[in-house]
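One-letter residues, chain by chain:
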Amino acid sequence: MKMRSSRKTLSIFAASGLLLQTAAPVLAQQSGQARANESRIQVTSELVLVNVVAHDKKGNLVRDLKKGDFTVFEDGKKQEISTFDFENVDELATAGAAEATVSGAAGPGMLLRSSKKAAPSLEARDRRLILLFFDFSAMDPEQIERSVDAAKKFVDTKMQPADLMALVSLATNMRMDQDFTDDKTKLLTALTAYNSGQGQGFENGSSGSAEGAAETSGAFSADDTDFNTFSADRKLLALQSLMQALGRLPQKKSLIYFSNGISQSGVDNQSALRATTAAAVKANVSIYSLDIRGLQAFPPGEEAQSASLHGQSAYSGASVLNDLSGNAASQETLATLSSDTGGKAFFDSNDFSRVFSQVQKDSSAYYVLGFTSNNPLKDGKFRRLKVQVNRPDLKLDFRAGYYAGRDFEHLNRADREQQLEDELDAQLPRVDVPLYAGAAYFRQDDAHYYLAVSLVIPGSQIPFVTEKDKDNATIDIIGEALGGGKLRVGQLRDTVKLAVESTQQVRRKNVQYNTGFVLAPGSYHLKFVIRENQTGRMGSFETDVQIPDLRKMPLKMSSVVLSSLRAPVTNKKNGANPLVRDQMELVPSITHVFTPDQHLYLQYEVYDAAKGKNPAPAAAAGHNGTAKDAPAAKPPKDSIRVFTNIEFLQGATKIYESKPVVANEVTAPERKAVIFQMDLPLQALKPGLYLCQVNVIDDVAGSFSFPRLPLLIREAVPAAASKTGIETYRARVLGQRSGSK
């Protein structure tokens, strides 16, 4: 299903109010009316948690410390400890098996599988939470078997009653193979399901040089540097997503990372590494990296199963040096993940049981200190932590620091884009900035319709900054059209820049953004998110729309668009927008609110009008169906004959009726469309609420349609309050254009 965008326009026009009724026939009530009474509550937690393990001189755990015994420093400044807790896992271990691993009505093992909005069902008080993460993406079969055997041995012989374990694997995709449980049978069954074919095709490639590479089929060696960057980012992003799932529990979590190394490509992977460690610290997760390659030897000519090497590297010692350097580089990332999250790394050893013993030791008994930083800046920078205790004979283990959160001002470009994407996927809408939308459909052919969409933002909600004698503001817009089964069939992403001489007029008006999608007949869900880029406030709007299949209709007719403004088009690339004709664009009114000193413009189309003999003369029609007085003319034979006029109703009383207009020829032959553009002055109508009824009759076919739209006419704005009745401003549209996906 294809989607393309029309020329997008932005208008500022006189705003007056909103109707309670829908704005256009195609604009359905907002989806999820059951959520109307729901409110979105944003909670920003500034509490920083620090896990502290205390040992005496003999290495024994110390369990009798109090809150007053600790002092916490952040970047050298003393912090006030606001929360204090002591987790003693050994109590459960000596008391026997736990009676339950979950609380409430939820079934066991629902922490990782639960939705983002669901509260965690796992009762983790005085439990040891261990997640085994198997990175099979680049392992060879021997390394996979070595990893699985080490995990099986621990579960079978060393796992304690207080241990809750989960299994996650990464191969061609990431899978959650077993949620948190203390059932050894379930864990062993999931581990047995792993096989030596799990990891396929994600090992690092060559750097492009044949020197020192194995002699296989030729001297050419492809440069896979870009692929290696992708491979490292893929592993780090998988870890980051796990941190987000684990962050819903305040207790300490330990993640054992089975890997054969992560090789970074210069600084290309640094942002992903930093984001991963920051997510781990925020989620209170310590990463214990285990290099499953174990203790390795690097013979000059490679191992016996490898082919001979290219060049002279095997004879100069360069091949061994390259192997050692590559091995150290692949372990460096693992070491960083462990040291920055309060865990430990285990390299160059064939005894893989040490990592399990270390995890159990570090999480048997520990203190959880919480404080609110006295540094109010949300700049995303690393802040170093230091914990002291008032007993000099103790040794403390704690994480080195954490990354502070970032507010909108300090978000980089990638984070700002991700913020928009996250809001687009959010279940509850943001309402910081009011946003309204309307839509109308027009047929292009039997299989494609142009869905014109207008977004309206109150000008008073947009903060401006003065620059170069002008007031400037930028607005980010993102949107999508979802078809059946929530499949994205259309998307929109734009950045709009406003630059005006004075914001006083803007703040009394609305800012309107017009765009469109080309879609097939069917039901769609539209959602749009806007963000003003001064303070980062956001707003969203979503609705369901129905594009009918007009082939099944007696009278094939488009939506009816109401407007009080026609504006000249400066950009000749108008695309498929039917609201643009003769270099003039009809700006849809979403509110359907007008004043008596304005004109009401209506546009609608009739398709596939029937042809027949029309001997009788008919009332004349103006250009494009605009009603005007003219001598009657006899239509040609075998022509169409479509009548239309406009009525205004209040209750059962007809207040106004326009003269009938008849069309005898097709206006847009390429679409087989008769286009009606009506112009009605409103000065004769008193302020009030009306129903605007559009009467359309195909005289040859004997079919008809009478759509109705609500319309409010309010008192005119005094001349002193507004210099002109209508002002129009066109902004330069920047950024990406919407396209199909």
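First, a word on scope: everything that follows refers to the structure included in this document.

The helix and strand tally for the protein chain stands at ten helices and 37 strands. Counting only residues that meet the buried cut, the protein chain has 49% of its 741 residues in that class. By sequence separation, contacts in the protein chain at least 24 residues apart represent 75% of the contacts at least 6 residues apart.

Let us now look at a nonpolar patch on the surface. Taken together, the side chains of Ile-697, Phe-704 and Phe-706 make up a nonpolar region of the molecular surface, amounting to roughly 290 Å² of accessible area. Positionally, Phe-704 belongs in strand 35 (residues 703-705).

Looking now at the packing of helix 2 (residues 141-157) against helix 3 (residues 184-192). Relative orientation of the contacting elements helix 2 and helix 3 amounts to 170 degrees, with a least axis distance of 10 Å. It follows that helix 2 is roughly antiparallel to helix 3 by the angle criterion. Each of Val-148, Ala-151, Lys-152, Val-155 and Asp-156 in helix 2 lies in contact with helix 3, whose residues at this interface are Lys-184, Leu-187, Leu-188, Leu-191 and Thr-192. Looking at side-chain class alone, the contact of helix 2 with helix 3 contains six nonpolar, one polar and three charged residues.

Moving on: the sheet that holds strand 10 (residues 285-291). Strand order in this open sheet of six strands is 8-7-6-9-10-11, and the pairing throughout is mixed. Each edge of the open sheet carries a strand with a single partner, namely strand 8 (174-181) and strand 11 (345-346). With seven bridges joining them, strand 9 (residues 253-259) and strand 10 adopt parallel strand pairing. Pairing of Ser-259 across the sheet is with Asp-291, part of strand 10.

What follows covers the pattern of salt bridges. Counted according to the given criterion, the structure contains 23 salt bridges. Residues Arg-175 and Asp-177 are paired through a salt bridge, measuring 3.2 Å at the closest nitrogen-oxygen approach. As a salt-bridge pair, Arg-551 and Asp-549 come within 2.9 Å of each other at their nearest N and O atoms. Judged by relative accessible area, which is 17%, Asp-549 ranks as buried. Among the ionic contacts, a cluster of salt bridges with common partners joins Glu-417, Asp-476, Arg-493 and Arg-531.

Positionally, Ser-540 belongs in strand 23 (residues 538-547). Here Ser-540 falls in the buried class, since its relative accessible area comes to 9%. Ser-540 sits 112 residues away from Leu-428 along the chain, and the two C-alpha atoms are 9.4 Å apart. Excluding residues within four positions of it along the chain, Ser-540 makes contact with Glu-423, Pro-429, Arg-430, Leu-435, Lys-527, Phe-528 and Val-529.

Before going further, it helps to spend a moment on the packing of aromatic side chains. Within the structure shown, the criterion is met by 16 aromatic pairs. Considering the side-chain rings of Phe-648 and Tyr-656, the 5.7 Å spacing of their centres and the 50 degrees angle between planes classify their relative orientation as tilted. Clustering of aromatic rings is evident, with ring pairs tying together Phe-134, Phe-136, Phe-154, Tyr-194, Phe-258 and Phe-356. One residue, Lys-252, lies across the ring of Tyr-366, its end atom 5.5 Å from the ring centre. Positioned above the aromatic ring of Phe-408, the side-chain terminus of Arg-416 is 3.9 Å from the ring centre.

Structurally, the position occupied by Asn-514 is in strand 21 (residues 509-519). Classification of Asn-514 by relative accessible area gives buried; the value is 5%. Only 2.8 Å separates the side chain of Asn-514 from the side chain of Ser-454, close enough to count as a polar contact. Polar side-chain contacts of Asn-514 include one of 3.0 Å to the side chain of Gln-512.

Below, the discussion takes up the sheet that holds strand 13 (residues 382-389). Spatially, 4-3-13-15 is the arrangement adopted by the four strands of the open sheet, whose pairing is antiparallel. This sheet does not close on itself; its edge strands, each paired only once, are strand 4 (77-79) and strand 15 (401-403). Recorded for the sheet is a direction-independent mean angle of 30 degrees between the axes of neighbouring strands. In terms of strand pairing, strand 13 meets strand 15 through three bridges, oriented antiparallel. The residue of strand 15 that forms the bridge with Arg-384 is Gly-401.

Along its 17 residues, helix 2 runs 24 Å from first to last C-alpha, staying within 8% of the 24 Å computed at 1.5 Å per residue. All of the buried residues along helix 2 are Gln-143, Ile-144, Ser-147, Val-148, Ala-150, Ala-151, Phe-154 and Val-155. All buried residues of helix 2 lie within an arc of 155 degrees about the axis, which places them on one face of the element. For helix 2, exposure combined with an orientation more than 90 degrees from the buried face picks out Glu-142, Lys-153 and Thr-157. Buried residues along helix 2 sit in contact with strand 6 (128-135), strand 7 (163-170), helix 3, strand 9 and helix 8 (353-362).

A word on the side chain of Asp-69. Its location among the elements puts Asp-69 in the loop between strand 2 (47-55) and strand 3 (70-74). The side chain of Asp-69 sits in the buried core without any salt bridge; Arg-391 is the nearest counter-charge, 6.1 Å away. Among the polar contacts listed, one links the side chain of Asp-69 to the backbone nitrogen of Lys-66, at a separation of 2.7 Å. Once residues lying within four places of it in the same chain are set aside, the contact partners of Asp-69 are Gln-388, Val-389 and Asn-390.

Counting buried positions over the 13 residues of strand 20 (residues 488-500) gives ten, a clear majority of the element. Of the strand pairs in this sheet, strand 19 (residues 470-482) and strand 20 are connected by twelve bridges, and their pairing is antiparallel. Within strand 20, the residue paired with Gly-479 across the bridge is Leu-492.

For Gln-160, the position within the fold is in the loop between helix 2 and strand 7. Under the relative-accessibility criterion, Gln-160 is labelled partly exposed at 27%. Considered as a pair, Gln-160 and Arg-128 are 32 residues apart in the sequence and their alpha carbons are 9.1 Å apart.

Inspection of the secondary structure assignment puts Lys-381 in the loop between strand 12 (365-372) and strand 13. Taking the C-alpha atoms as reference points, Lys-381 and Gly-405, 24 residues apart in sequence, are found 8.0 Å from one another. Ignoring any residue separated from it by four or fewer positions in sequence, one finds Lys-381 in contact with Arg-274, Tyr-402, Tyr-403 and Ala-404.

Moving on: the pairing of strand 21. In terms of burial, strand 21 is a largely internal element, eleven of the eleven residues being buried. The sheet contact formed by strand 17 (residues 448-458) and strand 21 spans ten bridges and is antiparallel. Its bridge partner being in strand 21, Tyr-450 is matched across the sheet by Val-518.

Rules and cut-offs
- Residues numbered from 1 in each chain as written.
- Predicted model: local features only at pLDDT ≥ 70, side-chain atom pairs only at ≥ 80, totals over all residues.
- Heavy atoms only, no water.
- Helix = DSSP H or I, 4+ residues; strand = E, 2+ residues; numbered from the N terminus.
- Buried < 20%, exposed > 50% of the residue type's maximum accessible area, 1.4 Å probe, protein only.
- Contact = heavy atoms within 4.5 Å.
- Patch = residues over 30% accessible without salt bridge, like charges linked within 9 Å, V, L, I, M, F, W, Y side chains within 5 Å.
- Areas by Shrake-Rupley, 256 points an atom, 1.4 Å probe, with all protein chains shown as cover.
- Salt bridge = Lys/Arg side-chain N within 4 Å of Asp/Glu carboxyl O.
- Axes fitted to C-alpha atoms, helices over the stretch in contact; angles between N-to-C directions.
- Parallel < 35°, antiparallel > 145°, perpendicular 65-115°, else oblique.
- Nonpolar A, V, L, I, M, F, W, Y, C, P; charged D, E, K, R; others polar.
- Pairing = 2+ DSSP bridges.
- Phe/Tyr/Trp six-rings, centres within 6.5 Å; stacked < 30°, edge-to-face > 60°.
- Lys NZ or Arg CZ within 6 Å of the ring centre and 35° of its normal.
- Polar contact = N/O pair within 3.5 Å; in protein donor to acceptor, adjacent residues only side chain to side chain.
- Expected span 1.5 Å × (residues − 1).
- Arc of directions from axis to C-beta.
- Lys, Arg positive; Asp, Glu negative; His and termini not counted.

These values are about where atoms sit, not about what they do.
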